[in-house]
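Below, each chain spelled out in residue letters.
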Amino acid sequence: MNRISTVERNTKETQIALTLNLDGKGKASLQTGIGFFDHMLDGFARHGLFDLDLKVRGDLHVDSHHTIEDTGIVLGTAIREAAGDKKGIKRYGYSLLPMDETLVMCAVDLSGRPYFCWDAEFTCDRCGDMDTEMAREFFYAVSYGGAMNLHMKVMYGTNNHHIMEAMFKAFAKALDMASMYDERITDVLSTKGTL
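Residues numbered from 1 in each chain as written. Predicted model: local features only at pLDDT ≥ 70, side-chain atom pairs only at ≥ 80, totals over all residues. Heavy atoms only, no water.

### So, the overall build of the protein chain
So, point 1. From N to C terminus, the protein chain includes four helices and 10 strands.
So, point 2. Along the protein chain, helices and strands appear, N-terminal first, in the series β-β-β-α-β-α-β-β-β-β-β-α-β-α.
So, point 3. For 195 residues, the compact-globule estimate of 2.2 N^0.38 gives 16 Å, and the protein chain sits close to it at 16 Å.
So, point 4. Overall size of the protein chain, expressed as C-alpha extent along the three principal axes, is 50 × 40 × 30 Å. (Helix = DSSP H or I, 4+ residues; strand = E, 2+ residues; numbered from the N terminus. Rg over C-alpha atoms; globule rule 2.2 N^0.38 Å.)

### Here we look at helix α2 (residues 65-83)
So, point 1. Between its first and last C-alpha, α2 extends 27 Å over 19 residues, near the 27 Å set by a 1.5 Å rise per residue.
So, point 2. Counting buried positions over the 19 residues of α2 gives 14, a clear majority of the element.
So, point 3. Of the residues one or two after α2, glycine 84 is the one with positive phi, at around 60°. (Expected span 1.5 Å × (residues − 1). Buried < 20%, exposed > 50% of the residue type's maximum accessible area, 1.4 Å probe, protein only.)

### With respect to the sheet that holds strand β7 (residues 115-119)
So, point 1. Spatially, four strands are ordered β5-β6-β10-β7 in an open sheet, and the strand pairing comes out mixed. This sheet does not close on itself; its edge strands, each paired only once, are β5 (92-99) and β7. Averaged over all pairs of adjacent strands, the angle between their axes in this sheet comes to 10°, without regard to strand direction.
So, point 2. Sheet topology places β5 next to strand β6 (residues 102-109); eight bridges connect them, and they run antiparallel. When the bridges of β6 are listed, proline 98 appears paired with leucine 103.
So, point 3. In this fold helix α3 (residues 134-145) packs onto β7 and β10 (149-156), with an angle of close to 160° to the strand it touches most, β7.
So, point 4. The strands that helix α4 (residues 160-179) touches are β5, β6, β7 and β10; relative to β5, the one it contacts most, it runs at about 150°. (Pairing = 2+ DSSP bridges. Axes fitted to C-alpha atoms, helices over the stretch in contact; angles between N-to-C directions. Contact = heavy atoms within 4.5 Å.)

### A short note on the pairing of strand β4 (residues 51-58)
So, point 1. With eight bridges connecting them, strand β2 (residues 14-21) and β4 associate as antiparallel partners. Pairing of leucine 20 across the sheet is with leucine 52, part of β4.
So, point 2. Pairing analysis gives four bridges linking strand β3 (residues 28-31) to β4, with the strands arranged parallel. The residue of β4 that forms the bridge with alanine 28 is leucine 52.
So, point 3. For the crossover that starts at β3, traverses helix α1 (residues 35-48) and ends in the parallel β4, the hand is left-handed. (Right-handed = clockwise from strand over helix to strand, strands pointing away.)

### Topic: the side chain of threonine 67
So, point 1. Within the element layout of this structure, threonine 67 appears in helix α2.
So, point 2. Discounting residues that sit within four places of it in the chain, threonine 67 has contacts with Thr14, Thr32, Ile34, Val56, Gly58, Asp59 and Leu60.

### Some points on the side chain of histidine 66
So, point 1. Looking at where histidine 66 falls in the secondary structure, it is placed in helix α2.
So, point 2. Among the residues examined, histidine 66 registers a relative accessible area of 19% and is labelled buried.
So, point 3. Residue contacts for histidine 66: discarding those within four places in its chain leaves Glu13, Thr14, Asp59 and Thr71.

### Comments concerning the nonpolar core
So, point 1. Met167 and Phe171 are the most contacted members of the largest nonpolar core, which has 56 residues in total.
So, point 2. No other element matches the 11 residues that α4 contributes to this core.
So, point 3. Apart from the residues lying within four places of it in its own chain, the contact partners of methionine 167 are Val104, Trp118, Ala120, Phe122, Ala135, Phe139, Met152 and Val154. (Core = buried A, V, L, I, M, F, W, Y, C linked by side-chain atoms within 4.5 Å.)

Written out as C-alpha cells, the structure reads:
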C-alpha cells in the first residue's frame, strides 16, 4: 500500500500543489522557478526513493524566500499526512552523508512534536539562483509542517554546493529510514501509545 498525500496551499505570495509518495521509486517532477532548488529537491526524491510532484508559483520578483519557505511547509505537511497513524514504522532515522570533502549529519524523529536544530554555515550568499540562507528556513519549515524533530549538522566541508546537496540527501536518507516499516513493530513505537 502506497502512502501518498496531496497538499495544496494558496496565499497572496505563493500557490503550491504537491503530491508525495513515501513508497515511491525516486521520481520527481519539479517546477519551483528556482533551478538550484529543483536540483536539491530532485536529490531528495531520488535518494529517499520518494515520488514527488511539485508545482509552485511564487513571488520571485520579490525574492526566493516565500517560494522556498512555503514549499517547506507544504512538504512537511505532506510527509505528516502520508505517514498516517505511523503504526509499524521505525520512527527514528539518521544519515551521515559524505559528498566529496563534505560530511553532513541529519537525524529525524517522526514524533508528532516539531523541533529543529541547525549547525551549519555557508561562505557564499547563493548557490546558483538559490539564496544559501534559505536552506535553514526550508528545513525549519519542513520540521514544523511535518511535526518532526529534525537535526542538521555540517561536520565539515568547504564547497557550498556540496554542503547544500549533502543536506538534502542526508535528510532524504534519514526520512526514508524513519518512515520504513519494521515487522517487529505492531503499533506505534512510543511508550505513550500515540505519535
